There are 2 protein chains.
Amino acid sequence: MAGLGRYVDVLRLFDTTTSGGAESWSVVAMASALGAPASTLYRTVRELTKAGFLEQAVDAQYSLGPAFIEYERLLRINDPLVRTGRGILVDLVRQAGLPCVALMARLYNGEVMCIADEAAPGTDFHSSYERGRPMPMTRGATSKIILAHRPSRELTKLIGPRAATVQLRKELQAIRRAGHIVTASEIDPGLTGIAAPIIAADPGASASLTLVVREEALDEATRRRLVLLVVSAASLLAEEIRGAQAAPPPAEEEKKVPHRVQVTSSKSKRRKD
Amino acid sequence: MAGLGRYVDVLRLFDTTTSGGAESWSVVAMASALGAPASTLYRTVRELTKAGFLEQAVDAQYSLGPAFIEYERLLRINDPLVRTGRGILVDLVRQAGLPCVALMARLYNGEVMCIADEAAPGTDFHSSYERGRPMPMTRGATSKIILAHRPSRELTKLIGPRAATVQLRKELQAIRRAGHIVTASEIDPGLTGIAAPIIAADPGASASLTLVVREEALDEATRRRLVLLVVSAASLLAEEIRGAQAAPPPAEEEKKVPHRVQVTSSKSKRRKD
DNA sequence: CACAAAATTTTCTAAAAATGATAATTATAG
DNA sequence: CTATAATTATCATTTTTAGAAAATTTTGTG
């Protein structure tokens, strides 16, 4: 294994949500899991440790290191979607005025991952969509509203060819027309998700805003109110992000390299990965 | 540049807390910043993007990618200190019963970094010690209490030779004897930090627990109460972590490689980095 | 739509780095 | 102190990367 992959292969061992993943590894165990000699792994692990991506526990076990916390903060601070969204989530749970969890999610690696969440004070349940957890793409309001706004061609890659997914594609089309979706107990029994798309860039929404509430808290009037709330919060968020893009930060002087501003609509066939 | 460093050098460009860092970069700008040809950087960036550590924005700009959110969650879930500590922080702010921020911090890369924080509902201020932000090692209760519990030899590496740091070392010794520290406005004007060491492993504490409150909220009785609260929460936390280590998780069967359990007291001179 | 400029990938060979087996060293438990 | 595990060092071989230049694709603009 060459390049970055060599390091990522090691880090992936610590993904406890996949089979074979564990929270801590000895170097020899890593070597055997990856089918590589221990001397090679000792070298790789040493490099990862020095960079803070791994760290050594009290015994000869290694686990993920604090560098991830540092980089996650940089992303939290700098990423327009996360930065802007976090404020909106706080407003959203306050305006909802009942126990709930608000969250933002996005496409990631052929799955949908929550990138920010906020619980109303006193909320006594959790959503399975928690920050940093990849979730299936075809279940749950959070995921479906994203799928519903992807171009048809991309759906083929994500869920399979048109012929094999007629039913789902019909459902998605309906969701897209409605502009929002409410699902009950699709992910967590007893919980309802109310989701709207965040349409900030050209090729459909690749992110969504969701409010998760107890199913029994949702009489018809509340439901209508919350749908409106989520939909308008998502629109507002999208607008703020577009605005931030249009008005770039105070120009740096060292910017010798000019940038183009454009709207993506890539149809490239150059790379197949 | 070889090995992992080649990738880390790129990621470091996105550290907006250092001069030269920016939230987004074009590949050509990266190349010029790193003094390498663009074709090389295009290759490196492509690898980082594929792994999710970078991502391409709408124009030809790249920024940090969502993989960091995923790995940060794995750490949040699996790391004993973070996992156990988060629950304690929630209890702590509740028991404090006033607007406050509770946080845990640890040594990282010659600095002190907050690895978890929790604000009491209705808290209307922020601590500079925020999750993922490296902070200076010699200022603030959070940092000092950690330094105070490091072995003297290590201090030489962290703050300089004994002769040059007599004053600071005296102060640290006093803090260590007291078992806690209260500092006012050392980091954030108007805020007071109350910190205790988390002594979970052998060579002194490398982590601390802090409660940050408004200076004016701190009459003598409250101060005594909160000190006691923080100190006992830190002890409890340390105990829970030691307990978790002593009682390992349900034995996996595939564990062909035996582990040793030991207490670190390394005096190695093998590597000089 | 065509043209120009920017962005990105491809190609290819010298130079550099990684691999992996083995030996040497260091740390630790008992 | 000793046996054993953990880790690093060595080094010849194989593999990968760097870097320049060319080719290709994408995109903005007229």
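What you see is a predicted model, and the numbers here were worked out from it, not measured in a lab.

**A word on the packing of aromatic side chains**
Here is step 1: Applying the stated criterion to the full structure yields seven aromatic pairs over all chains.
Here is step 2: For the pair phenylalanine 68 of chain A and phenylalanine 68 of chain B, a centre-to-centre distance of 6.3 Å together with 50° between the ring planes defines the contact as tilted. With one member in each of two chains, phenylalanine 68 of chain A in helix α4 (residues 67-78) and phenylalanine 68 of chain B in helix α4 (residues 67-78) form a pair that bridges those chains. Neither residue differs from the other here; phenylalanine 68 of chain A and phenylalanine 68 of chain B are each classed as buried.
Here is step 3: An aromatic cluster of at least three residues, connected via ring pairs, comprises Phe53, Phe68 and Tyr71 of chain A together with Phe53, Phe68 and Tyr71 of chain B.

**Considerations on the pairing of strand β3 (residues 61-64) of chain A**
All names here are of chain A.
Here is step 1: In this sheet, β3 lies alongside strand β1 (residues 25-26) in antiparallel orientation, the contact comprising two bridges. Following the sheet pairing, tryptophan 25 is matched in β3 by tyrosine 62.
Here is step 2: Relative to β3, strand β2 (residues 54-56) is paired through three bridges, and the arrangement is antiparallel. Opposite glutamate 55, over in β3, you have serine 63 as the bridge partner.

**Examining the state of the cysteines**
Here is step 1: Applying the stated rule across the entire model yields zero disulfides over all chains.
Here is step 2: Cysteine 114 of chain A forms no disulfide, and the closest cysteine sulfur to it belongs to cysteine 100 of chain A, at a distance of 14 Å.

**Notes on the relation of the copies chain A and chain B**
Here is step 1: The two copies are related by a screw operation: chain A maps onto chain B through 180° of rotation and 0.0 Å of translation along the axis, at an RMSD of 0.0 Å. Both copies of the chain, as the preceding transformation shows, are related through a two-fold rotation axis. Closest to the rotation axis within chain A is the C-alpha of phenylalanine 68 of chain A, separated from it by 3.0 Å.

**Focus on the packing of helix α2 (residues 27-34) of chain A against helix α3 (residues 38-50) of chain A**
Residue and element names in this part refer to chain A.
Here is step 1: Packing of α2 against α3 brings their axes to within 9 Å, and their N-to-C directions diverge by 115°. Crossing angle aside, the handedness with which α2 passes α3 is right-handed. Side by side, α2 and α3 meet where Val27, Val28, Met30, Ala31 and Leu34 of the first sit next to Ala38, Leu41, Tyr42 and Val45 of the second.
Here is step 2: In the contact of α2 with α3, the residues fall into nine nonpolar, no polar and no charged.

**Quick word on the domain arrangement of chain A**
Here is step 1: Here chain A is partitioned into domain 1 (5-66) and domain 2 (79-246).
Here is step 2: For domain 1 of chain A versus domain 2 of chain A, the separation of C-alpha centres amounts to 34 Å.

**Considerations on the pattern of salt bridges**
Here is step 1: Going through the model one piece at a time under the given rule, you end up with 32 salt bridges over all chains.
Here is step 2: Here glutamate 72 of chain A makes a salt bridge to arginine 76 of chain A, at a shortest N to O gap of 2.8 Å. Residue glutamate 72 of chain A and its partner arginine 76 of chain A are located together in helix α4, separated by four residues, close to a single helical turn.
Here is step 3: Taking relative accessible area as the criterion, glutamate 72 of chain A reaches 3% and is therefore assigned buried.
Here is step 4: The exposure class assigned to arginine 76 of chain A is buried, which follows from its relative accessible area of 9%.
Here is step 5: In this structure, arginine 131 of chain B engages glutamate 72 of chain A in a salt bridge whose closest nitrogen and oxygen atoms are separated by 3.4 Å. Note that arginine 131 of chain B is positioned in the loop between β5 (111-119) and β6 (134-135) and glutamate 72 of chain A in helix α4, a pairing that runs across two chains.

**Regarding the side chain of arginine 106 of chain A**
Here is step 1: Relative to the elements of secondary structure, arginine 106 of chain A occurs in strand β4 (residues 100-108).
Here is step 2: A distance of 2.8 Å separates a polar atom in the side chain of arginine 106 of chain A from a polar atom in the side chain of glutamate 55 of chain B.
Here is step 3: When neighbours within four sequence positions are excluded, arginine 106 of chain A is seen to be in contact with Glu111, Val112, Met113, Ile115, Ile146, Ser206 and Ala207 of chain A together with Glu55 and Pro66 of chain B.

**Quick word on the nonpolar core**
Here is step 1: The biggest cluster of nonpolar side chains holds 122 residues, and the ones touching the most others in it are Phe53 of chain A together with Phe53 of chain B.
Here is step 2: Once you skip the residues sitting within four places of it in the chain, phenylalanine 53 of chain A turns out to touch Leu11, Leu48, Ser63, Leu64, Gly65, Ala67, Phe68 and Tyr71 of chain A together with Leu4, Val8, Leu11 and Phe68 of chain B.
Here is step 3: Judged by nonpolar contacts, the second largest core, of 25 residues, contains Leu147, Ala148, Ile175 and Ile187 of chain A.

**Looking at the interface of chain A and chain B**
Here is step 1: Taken together, the 63 residues of chain A in the interface contact 64 residues of chain B.
Here is step 2: At the boundary of chain A with chain B, total buried surface from both sides reaches about 6,000 Å², with 57% on carbon and sulfur atoms.
Here is step 3: We note a salt bridge from arginine 12 of chain B to glutamate 70 of chain A, for which the minimum N-O separation is 3.2 Å.
Here is step 4: Linking chain A with chain B are 22 residue pairs in polar contact (both at pLDDT 80 or more).
Here is step 5: Elements represented by at least two residues in the side of chain A that touches chain B include exactly α1 (5-12), α2, α3, β3, α4, β4 and β5 (111-119) of chain A.
Here is step 6: Among the elements that take part in the side of chain A that touches chain B, α4 of chain A stands out by supplying twelve residues, more than any other.
Here is step 7: Per-class residue counts for the side of chain A that touches chain B are 28 nonpolar, 13 polar and 22 charged.

Conventions we followed
- Residues numbered from 1 in each chain as written.
- Chains lettered and ligands numbered in written order.
- Predicted model: local features only at pLDDT ≥ 70, side-chain atom pairs only at ≥ 80, totals over all residues.
- Heavy atoms only, no water.
- Phe/Tyr/Trp six-rings, centres within 6.5 Å; stacked < 30°, edge-to-face > 60°.
- Helix = DSSP H or I, 4+ residues; strand = E, 2+ residues; numbered from the N terminus.
- Buried < 20%, exposed > 50% of the residue type's maximum accessible area, 1.4 Å probe, protein only.
- Pairing = 2+ DSSP bridges.
- Disulfide = S-S within 2.5 Å.
- Least-squares fit on C-alpha atoms with pLDDT ≥ 70 in both.
- Axes fitted to C-alpha atoms, helices over the stretch in contact; angles between N-to-C directions.
- Left-handed = near helix turned anticlockwise from the far one by under 90°.
- Contact = heavy atoms within 4.5 Å.
- Nonpolar A, V, L, I, M, F, W, Y, C, P; charged D, E, K, R; others polar.
- Domains from an automatic or database assignment.
- Salt bridge = Lys/Arg side-chain N within 4 Å of Asp/Glu carboxyl O.
- Polar contact = N/O pair within 3.5 Å; in protein donor to acceptor, adjacent residues only side chain to side chain.
- Core = buried A, V, L, I, M, F, W, Y, C linked by side-chain atoms within 4.5 Å.
- Buried area = accessible area lost by both parts, 1.4 Å probe.

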